Amino acid sequence: MKNLCFLAVLLLALPVYAQGDHAWLLDQSSLTYHMSHPLHEVDGTSHAAKGKGVCHAGVCDFLLAAPVKTFDSGDSNRDLHMLQVTRGAEFPVVVVRFRIPESAVNLPTLDCDLEVQFAGNTAHYAHVSFQQQIDGKAHHITGVVPSTLSDFKIPPPSFFTVPIKNEIPVRVDTTWHQQ
Amino acid sequence: MAMAAHVSAVRFGVLGAIGVTLLFSPLLWAQTVVTAVADSATAVSYDSLPDAPTPTDAVLTADVDAGLDSSSFGSLFQQSATLSSHSQNPAPPSLSDLGLTPDQTKADPDAQARLDRRTQMLKIHQRLGLLTTIPIAAACFSGAGAVPDRNTYGDTTSRDVHVGIAAAAIGMYAATAFYAIRAPRIPDSGPARGGIKIHKYLIWIHAPGMILTPILGTMAFNDIANGHKPGGIEQYHQEVAVTTAVAYAASIIAVSWPIHLHF
């Protein structure tokens with residue numbers, strides 16, 4: 001009888017181990033870059049990002065990716081030029097990876113070290129702060145990635161021979177839920 | 001009593017066997033996967049594998065037998081580690097986990113070349129278009145002096161200057177249009193949105209205007225050269241020219257719209 005109980009405990013322990021890992025899924029997102037020029041202020045937004053997070057052994061790895069061509073600035077000509085200058089046909093996806101401790105997942109402020117792959121180059125941004133609001137199962141996370149053109153070796157496009165500013169901050173607005 | 005004890009022992013044995021099988025099933029699964037990897041990656045037959053390989057040993061043996069270099073070993077080891085630990089240590093999410101289709105993630109050098117060529121030609125189009133505003137504006141101003149008074153029909157200098165400037169404007173306009181027309185179209189880019197849409201609509205005004213204006217101008221020129229005031233349709237040469245110039249200027253502004261001045 002004791003053996004049977006021991007066996008039952010062992011069998012039941014397997015699913016318990018399996019529950020140790022959990023995943024996060026991106027429900028909705030909006031990534032918006034801002035471009036400045038003496039004649040123009042432009043925002044380009046993508047709502048097509050997809051994301052997933054996997055937590056294991058106290059660490060959560062997140063991945064967020066958006067096709068470059070889904071960024072819409074409201075002007076199809078400008079979007080095509082953006083696609084060209086960022087080499088969006090050769091490198092069609094912008095990829096963001098970050099890792100946070102599982103204990104920090106529910107904090108109101110998330111301090112993230114980001115790895116961003118874009119235009120064939122990879123840039124790292126340390127200690128980027130994101131604000132989090134938790135509403136039931138939904139985790140609403142917002143923040144700004146302080147990206148620049150030079151981070152990704154993108155030649156600044158010019159208009160009337162005046163180049164745009166090097167700073168291209170990307171505003172991130174995402175809603176996640178735990179799977 | 002003895003019968004009951006026997007049944008109990010048999011039940012215990014069966015349950016025990018099931019339990020042990022279930023307990024070790026993840027390990028068996030992992031071994032199967034790694035063996036398959038070793039087989040497909042290195043073409044090592046099952047005979048060359050040890051009888052009861054552990055996941056790591058299987059890959060190591062396969063590696064040695066196949067005479068692979070250290071980088072291949074590392075690669076295989078990583079594959080092995082990834083697969084064997086799949087059920088225990090999940091890998092960070094990858095692009096394939098996100099449901100992005102291969103079409104969305106595949107590099108397309110041809111499309112990039114097309115985009116590069118398009119941008120290059122439209123940059124020339126933009127520069128030429130801006131430069132063309134100079135002869136167009138000059139043609140409008142010189143046109144004011146080309147209208148003869150009643151007693152100056154014989155003086156053709158101002159009209160000749162006007163014709164020369166207008167010819168330059170038309171030539172540059174044609175070159176500007178050429179670079180826009182010949183710029184490659186980008187498939188699946190959807191309909192035009194934003195300022196470029198109005199820019200394209202205005203073509204329907206200034207392009208016919210650029211054809212009609214010199215025709216009417218030539219007719220008016222001949223009327224004046226023959227000593228009488230332009231009549232008929234050629235009397236609207238100036239109105240057509242001004243409309244064309246305004247549409248052209250609006251076209252430049254439209255493609256730059258909205259403008260937020262800040263220095």
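Along each chain, residue indices are assigned from 1 in the same order as the chain's sequence is written. Going through the entries in the order they are written, you letter the chains from A and number the ligands from 1. Per-residue local features are limited, in this predicted model, to residues with pLDDT of at least 70; the limit for side-chain atom pairs, both in listing and counting, is 80 or more; totals at the level of whole chains, interfaces and linings are taken over all residues. To get the side-chain values, all heavy atoms of the structure are used, and hydrogens and water are removed first.

A. Inspection of the pattern of salt bridges at higher detail. By definition here, a salt bridge exists when the distance from a side-chain nitrogen of Lys or Arg to a carboxyl oxygen of Asp or Glu is within 4 Å. The final tally for this structure, using the stated rule, is five salt bridges over all chains. Residue Asp-72 of chain A pairs with Arg-193 of chain B through a salt bridge whose shortest N-O separation is 2.7 Å. Here the residue Asp-72 of chain A occupies a position in the loop between β4 (59-67) and α2 (76-85), and Arg-193 of chain B occupies one in the loop between α6 (157-182) and α7 (195-201), the pair thus bridging two chains. Each residue is placed in one exposure class: buried if its accessible area under a 1.4 Å probe, protein chains only, is under 20% of its type's maximum, exposed if it is over 50%, and partly exposed if it falls in between. You can call Arg-193 of chain B partly exposed: its relative accessible area is 30%. Between Arg-87 of chain A and Glu-90 of chain A there is a salt bridge, with its nearest N and O atoms 3.6 Å apart. Beyond isolated ion pairs, a larger network of salt bridges with shared partners links Asp-72 and Asp-79 of chain A together with Arg-193 of chain B. The secondary structure listing takes helices from DSSP runs of H or I that are at least 4 residues long and strands from runs of E that are at least 2 residues long, numbered from the N terminus.

B. Layout of the side chain of Thr-86 of chain A. Residue and element names in this part refer to chain A. Assignment of secondary structure puts Thr-86 in the loop between α2 and β5 (93-101). Think of a polar contact as two N or O atoms within 3.5 Å of one another; within protein, one of them needs to be a possible hydrogen donor and the other a possible acceptor, and neighboring residues in sequence only count if both atoms come from side chains. Side-chain polar atoms of Thr-86 contact the backbone oxygen of Met-82, separated by 2.8 Å. For this analysis, residues touch if any pair of their heavy atoms sits within 4.5 Å. Sequence-distant contacts of Thr-86, defined by excluding residues within four places in its chain, comprise Val-68, Phe-118, Ala-119 and Ile-154.

C. Broad picture of the layout of surface pockets. Residues and elements named next belong to chain B. Estimated volume of the second largest pocket: approximately 960 Å³. Considering the residues around the second largest pocket, the lining is formed by 38 residues, among which Gly-143, His-162, Gly-217, His-237 and Gln-238 are closest to the centre. Breaking the lining of the second largest pocket down by element, the ones donating at least two residues are α5 (109-146), α6, α8 (203-225) and α9 (237-256). With nine residues, α8 is the largest single contributor of residues to the lining of the second largest pocket. We call Asp, Glu, Lys and Arg charged. Ala, Val, Leu, Ile, Met, Phe, Trp, Tyr, Cys and Pro are nonpolar, and the rest, Gly among them, are polar. Looking at the lining of the second largest pocket, its residues break down into 22 nonpolar, ten polar and six charged. The rule is simple: put a 1 Å grid over the protein atoms alone, call a set of points where a 1.4 Å probe fits but cannot get out a cavity, call an open set with protein on both sides within 12 Å along at least five of seven lines a pocket, and count a residue as lining if it has an atom within 4 Å of a point. Grid points are joined across faces, edges and corners, and a volume is the space filled by probe spheres set on the points.

D. Looking closely at the pairing of strand β2 (residues 40-46) of chain A. Residue and element names in this part refer to chain A. Burial analysis of β2 places five of its seven residues in the buried class, which makes it a mostly covered element. Where strand β1 (residues 22-37) and β2 come together, seven bridges link them in antiparallel fashion. The residue of β2 that forms the bridge with Tyr-33 is Gly-44. The pairing criterion for strands is at least two bridges between them, as found by DSSP. In this structure, the hairpin formed by β1 and β2 is closed by a connection of two residues.

E. Summary view of α9 of chain B. Helix length check: α9 of chain B (20 residues) gives 29 Å between terminal C-alpha atoms against 28 Å at 1.5 Å per residue, within 8%. Residues His-237, Val-240, Ala-241, Thr-244, Ala-245, Ala-247, Tyr-248, Ser-251, Ile-252, Ala-254 and Ser-256 of chain B constitute the buried set of α9 of chain B. Its buried side turned inward, α9 of chain B meets β2 and β9 (158-159) of chain A together with α5, α6, α7 and α8 of chain B. Here the expected length of a helix is defined as 1.5 Å per residue gap, with one fewer gap than residues.

F. Structural view of the interface of chain B and chain A. Of the residues lining the interface, 50 residues belong to chain B; the matching set on chain A comes to 43 residues. Summed over both sides, the interface between chain B and chain A buries roughly 3900 Å², with carbon and sulfur atoms accounting for 65% of that surface. Two parts placed together each lose some accessible area under a 1.4 Å probe, and the buried area is that loss summed for both. Of all residues in chain B, Pro-93, Leu-98 and Arg-193 of chain B give up the largest surface area on contact with chain A, accounting jointly for 16% of the area buried on that side. The interface formed by chain B and chain A holds two salt bridges in total. Linking chain B with chain A are 14 residue pairs in polar contact (both at pLDDT 80 or more), by the criterion used here. Listing elements by their share of the side of chain B that touches chain A, those giving two or more residues are α1 (2-42), α4 (102-105), α5, α7 and α9 of chain B. Element by element, the count of residues in the side of chain B that touches chain A is highest for α5 of chain B, at ten residues. Its residues assigned to classes, the side of chain B that touches chain A shows 27 nonpolar, 17 polar and six charged.

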